[in-house]
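A structural walkthrough
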Amino acid sequence: MKANLNKRSQRGQGMTEYIVIVALIAVAAIATYQFFGQTVRSQTAGIARELSGQDATQAINEGRARANEAQTQGATRKGLGAYDNDNSR
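A few points on the structure. All values derive from a computational prediction rather than experimental measurement. (Residues numbered from 1 in each chain as written. Predicted model: local features only at pLDDT ≥ 70, side-chain atom pairs only at ≥ 80, totals over all residues. Heavy atoms only, no water.)

Bringing the overall build of the protein into the picture now. Across its full length, the protein carries two helices and zero strands. In the protein, buried positions account for 9% of the 89 residues. Total accessible area computed for the protein in this model is approximately 7,700 Å², and 58% of it derives from carbon and sulfur atoms. (Helix = DSSP H or I, 4+ residues; strand = E, 2+ residues; numbered from the N terminus. Buried < 20%, exposed > 50% of the residue type's maximum accessible area, 1.4 Å probe, protein only. Areas by Shrake-Rupley, 256 points an atom, 1.4 Å probe, with all protein chains shown as cover.)

Quick look at the structure:
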């Protein structure tokens, strides 16, 4: 009886660890999408327009501008004193 209880306890621990890992991956994915979201959306729109036979110059240029903006922001040295919670991008 005690051995059976111990096995269930270990299975529960493994499931909890798995849930924590999945949650951390989800948080990292959300943060990455928040940072690169506009660039990815613009590039995806350009690809979709090109595949449908339409001109995607505007979407491609917007994607390029967003990528340059992300590169500039990534190269900017920031400390906690300059923290600005701008999640409205």
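As a further point, take the side chain of serine 42. Position of serine 42 relative to the elements: it lies in helix α1 (residues 2-51). Setting aside residues no more than four positions away along its own chain, serine 42 makes contact with Ala59, Glu62, Gly63 and Arg66. (Contact = heavy atoms within 4.5 Å.)

Right, let's get into the pattern of salt bridges. Considering all chains together, one arrives at one salt bridge under this definition. Between glutamate 69 and arginine 66 there is a salt bridge, and its shortest N-O distance comes to 3.9 Å. Within this pair, glutamate 69 and its partner arginine 66 are both found in helix α2 (residues 57-75), separated by three residues, close to a single helical turn. Residue classification places glutamate 69 among the partly exposed residues on the basis of a relative accessible area of 38%. (Salt bridge = Lys/Arg side-chain N within 4 Å of Asp/Glu carboxyl O.)

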